[in-house]
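# Survey of secondary and tertiary structure
Spelled out, the chains give:
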Amino acid sequence: MIVMSIAGVDPSAGAGVLTDIKAFQAIGVYGTGIVTSLTAQNPYKFFSTSPVSEDYIEEQIDSVLDAYEVEFIKTGMLYSPEIIKLVSKKIKQYHLKAVVDPVMVATSGGNLTREDLAKALNKYLLPNSILTTPNITEAEKLTGIEIKNKEDAIKASKNIICNNIITGGHLDGINTINIDGEITIQKQELIKTDNLHGTGCNLSAAIVAYLAKNNDLKTSILKSLDYVYEGIKNGNYGTLIAKL
Ligand code: PXL
């Protein structure tokens, strides 16, 4: 049960590869991590990012997959259309089952990508993925559909070109799940907190971990929604100062 995250590094360990590895470990699978871009940030402020070259991302992926059998991966911050293209090439080459977190903007407001990646995600990555996990803003960018309510979310969900969950943190806790065209609405209580940095990363990492533990896609999504909800309730995300 070895899984992989292909994502950016948040040195404050709230988001990106470092938090993905922690989620994998917490759920009981061994996580490997491929770095697409470094960032300088903390939970309050995003300073800058420095991408890794496509060649070196490829070498990292090849070096891990040369030694380890991996079935499920997640992708997070991919920074540029060129990196998206490379990652979809590697997914096909190694027959990987990919959960795509279509990261575009950090919770703290920083731009995690060189440009609007929706086009490249739709063209190269989503057609080769088993699931994508956009929040409302990301789903709007992927589909061009404005999401103001549950009906809009369902419409957008049906327009995303692979299985998806549109997370409802900014839609009254209404999560819209679309697996093979079948819609499930999973409403969650919203917890009042500012500590949400990294929750998206944790959701997609948890889904990969539960898939690797032989849960089906829908069960993995539902368990992961609970996992992140409990994490938010326990103050595991964002700044940990309250807990230290
Ligand atoms: O939550 C999106 C995200 C993904 N990846 C990295 C990030 C963030 C948000 O800050 O820093 C590396």
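It should be noted that the structure appears before, not after, this text.
Residues numbered from 1 in each chain as written. Predicted model: local features only at pLDDT ≥ 70, side-chain atom pairs only at ≥ 80, totals over all residues. Heavy atoms only, no water.

## Quick word on the pairing of strand 2 (residues 30-41)
In this sheet, strand 2 lies alongside strand 1 (residues 2-9) in parallel orientation, the contact comprising 8 bridges. Residue pairing for strand 2: Ala7 is matched across the bridge by Val35. Direction of pairing for strand 2 relative to strand 3 (residues 46-51): antiparallel, over a ladder of 5 bridges. By the bridge assignment, Ala40 is partnered in strand 3 with Ser48. Between strand 2 and strand 3, which follow one another and run antiparallel, lie 4 residues. (Pairing = 2+ DSSP bridges. Helix = DSSP H or I, 4+ residues; strand = E, 2+ residues; numbered from the N terminus.)

## Here we look at the packing of helix 1 (residues 16-27) against helix 7 (residues 199-212)
For any two helices packed against each other, the geometry is given by the interaxial angle and the distance between the axes. At their nearest, the axes of helix 1 and helix 7 sit 9 Å apart, and the two run at 40 degrees to each other. With respect to helix 7, the element helix 1 is oriented oblique. Handedness of the crossing formed by helix 1 with helix 7: right-handed. Every residue of helix 7 that contacts helix 1 at Gly16, Thr19, Asp20, Ala23, Phe24 and Ile27 is listed here: Cys201, Asn202, Ala205, Ala206, Val208, Ala209 and Tyr210. When its residues are assigned to classes, the contact of helix 1 with helix 7 shows 9 nonpolar, 3 polar and 1 charged. (Axes fitted to C-alpha atoms, helices over the stretch in contact; angles between N-to-C directions. Parallel < 35°, antiparallel > 145°, perpendicular 65-115°, else oblique. Left-handed = near helix turned anticlockwise from the far one by under 90°. Contact = heavy atoms within 4.5 Å. Nonpolar A, V, L, I, M, F, W, Y, C, P; charged D, E, K, R; others polar.)

## Let's talk about the nonpolar core
Grouped together as the largest cluster of nonpolar side chains are 45 residues, with contacts concentrated most on Met4, Ile6, Ile73, Leu121, Leu125 and Ile147. For this core, the element with the highest residue contribution is helix 3 (residues 81-93), accounting for 5 residues. Beyond its immediate sequence surroundings of up to four residues, Met4 is in contact with Phe24, Thr32, Ile34, Val64, Leu65, Val70, Phe72, Ile73 and Lys74. In terms of nonpolar packing, the next biggest core, distinct from the first, is built from 26 residues, Val3, Ile177, Ile207 and Tyr210 among them. (Core = buried A, V, L, I, M, F, W, Y, C linked by side-chain atoms within 4.5 Å. Buried < 20%, exposed > 50% of the residue type's maximum accessible area, 1.4 Å probe, protein only.)

## Here we look at helix 3
When the terminal C-alpha atoms of helix 3 are compared, their 18 Å separation across 13 residues agrees well with the 18 Å that a helix rising 1.5 Å per residue should span. Of all the residues in helix 3, the buried ones are Pro81, Ile83, Ile84, Leu86, Val87, Ser88, Lys90 and Ile91. Contacts from the buried residues of helix 3 go to strand 1, strand 2, helix 2 (54-67), strand 4 (70-75), strand 5 (97-100) and helix 4 (118-125). Just past helix 3, the residue His95 takes up positive phi, approximately 50 degrees. (Expected span 1.5 Å × (residues − 1).)

## Here we look at helix 8 (residues 217-233)
In this model helix 8 runs 24 Å from its N-terminal to its C-terminal C-alpha over 17 residues, within 8% of the 24 Å that 1.5 Å per residue would give. Among the residues of helix 8, those classed as buried are Leu217, Ser220, Ile221, Ser224, Leu225, Val228, Tyr229, Gly231 and Ile232. Projected onto a plane normal to the axis of helix 8, the buried residues spread over an arc of 170 degrees and lie on a single side. Two or three places before Lys218, at the opening of helix 8, Asp216 has a side-chain oxygen 3.3 Å from that residue's backbone nitrogen. (Arc of directions from axis to C-beta. Polar contact = N/O pair within 3.5 Å; in protein donor to acceptor, adjacent residues only side chain to side chain.)

## Observations concerning the pattern of salt bridges
One pass over the structure, following the stated rule, counts 7 salt bridges. For Lys90, the salt bridge identified is with Glu58, shortest N-O distance 2.8 Å. Here the residue Lys90 occupies a position in helix 3, and Glu58 occupies one in helix 2, the gap between them amounting to 32 residues. Taken as a pair, Lys90 and Glu58 share a single burial class, namely buried. Between Glu71 and Lys97 there is a salt bridge, with the nearest N and O atoms lying 2.4 Å from each other. (Salt bridge = Lys/Arg side-chain N within 4 Å of Asp/Glu carboxyl O.)

## Section: the packing of helix 7 against helix 8
At a minimum axis distance of 8 Å, the contact between helix 7 and helix 8 shows a crossing angle of 140 degrees. The pairing of helix 7 with helix 8 is recorded here as oblique in orientation. The two elements helix 7 and helix 8 cross, and the hand of that crossing is right-handed. Two secondary-structure elements touch here, helix 7 through Thr199, Asn202, Leu203, Ala206, Ile207, Tyr210 and Leu211 and helix 8 through Leu217, Ser220, Ile221, Lys223, Ser224, Leu225, Tyr227, Val228 and Ile232. The residue inventory of the contact of helix 7 with helix 8, partitioned by class, reads 11 nonpolar, 4 polar and 1 charged.

## Notes on the state of the cysteines
Inspection of the entire model under this criterion finds 0 disulfides. We note that Cys162 lacks a disulfide partner, and the nearest cysteine sulfur, in Cys201, lies 18 Å from it. On the basis of relative accessibility, which here comes to 12%, the residue Cys162 falls in the buried class. Overall, Cys201 belongs to the buried group, its relative accessible area being 14%. (Disulfide = S-S within 2.5 Å.)

## Concerning the environment of Arg114
Among the secondary structure elements, Arg114 is positioned in the loop between strand 5 and helix 4. With 33 residues separating them in the primary sequence, Arg114 and Pro81 have C-alpha atoms 8.6 Å apart. Excluding residues within four positions of it along the chain, Arg114 makes contact with Tyr79, Ser80, Pro81 and Glu82.

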